[in-house]
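Each chain is listed here by its residues.
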Amino acid sequence: MDGLSHIGLPVLGILAVSVVTFYAVSFAEIREKSFKDLYDSENGDGAGFKTSLSSRERRLKREANKKQRPRS
C-alpha cells in the first residue's frame, strides 16, 4: 500500500494539473474566438445590426407602409 501511494499520488497530481490546463486553454480559445467574432461583426462591411432606426428612417418606413395599404 505504501508503494502505491508513492506512485499514485504524483500520477493523480499530474492528471489534475493536466485537466485544469486543458480547461483553461479551451476557455481562453473560446473567449478569443468570441471576441474576434464580435470585432468582425462590428467592424465588418455593415454585417452588424442597428440598434434603432433614425427618425427619418422611421418616417420613410411609415410612409411606405401607408402607400402599400389598400384604401377601403
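Look up a bit, the structure's there.
**Q** How would you explain the overall build of the protein if you had to name every residue and give the values?
**A** Helices and strands together make up the secondary structure of the protein, namely 2 helices and 0 strands. Of the roughly 7200 Å² of accessible surface on the protein, a fraction of 63% belongs to carbon and sulfur atoms.

**Q** Could you give me a rundown of the pattern of salt bridges, with the residues and numbers involved?
**A** What the rule picks out here adds up to 1 salt bridge. For Arg-59, the salt bridge goes to Glu-63, with nearest N and O atoms at 4.0 Å. Separated by 4 residues within a single helix, Arg-59 and Glu-63 lie in helix H2 (residues 55–68), roughly one turn from each other. Judged by its relative accessible area of 38%, Glu-63 falls in the partly exposed class.

**Q** Quick one: what's the story with the packing of aromatic side chains, residue by residue and with numbers?
**A** On inspection of all chains with the given rule, the structure shows 2 aromatic pairs. Ring plane angle 70 degrees and centroid distance 5.5 Å describe the contact between Phe-22 and Tyr-23, whose orientation is recorded as edge-to-face. Among the residues examined, Phe-22 registers a relative accessible area of 53% and is labelled exposed. The exposure class assigned to Tyr-23 is partly exposed, which follows from its relative accessible area of 46%. The rings of Phe-22, Tyr-23 and Phe-27 are connected pair by pair, giving a single aromatic cluster.

**Q** Now, about a nonpolar patch on the surface: what can you tell me, with residues and values included?
**A** Nonpolar side chains collect at one region of the surface, where Val-19, Phe-22, Tyr-23, Phe-27 and Ile-30 lie side by side and expose about 560 Å² of accessible area between them. When you line up the elements, Val-19 lands in helix H1 (residues 2–43). Among the residues examined, Val-19 registers a relative accessible area of 43% and is labelled partly exposed.

About the criteria used
Within each chain, residues carry numbers counting from 1 in the order of the written sequence. Only residues with pLDDT of at least 70 get local features here, since the model is predicted, and only at 80 or more are side-chain atom pairs given and counted; chain-wide, interface and lining totals rely on the full set of residues. Processing note: side-chain calculations cover all non-hydrogen atoms of the structure and skip hydrogens and water entirely. Helical segments are the DSSP runs of H or I of at least four residues, strand segments are the runs of E of at least two, and each set is numbered from the N terminus. Areas reported here follow the Shrake-Rupley algorithm with a probe of radius 1.4 Å; residue values treat only the protein chains shown as occluding. By salt bridge we mean one thing: a side-chain nitrogen of Lys or Arg within 4 Å of a carboxyl oxygen of Asp or Glu. Only protein chains enter the area calculation, which uses a 1.4 Å probe; residues under 20% of their type maximum are buried, those over 50% are exposed, and those in between are partly exposed. For Phe, Tyr and Trp, where Trp contributes only its six-membered ring, two rings pair if their centres lie within 6.5 Å, and the inter-plane angle classes them as stacked under 30 degrees, edge-to-face over 60, or tilted in between. Nonpolar side chains (Val, Leu, Ile, Met, Phe, Trp, Tyr) are joined into patches within 5 Å and like charges within 9 Å, using only residues with over 30% relative accessible area and no salt bridge.

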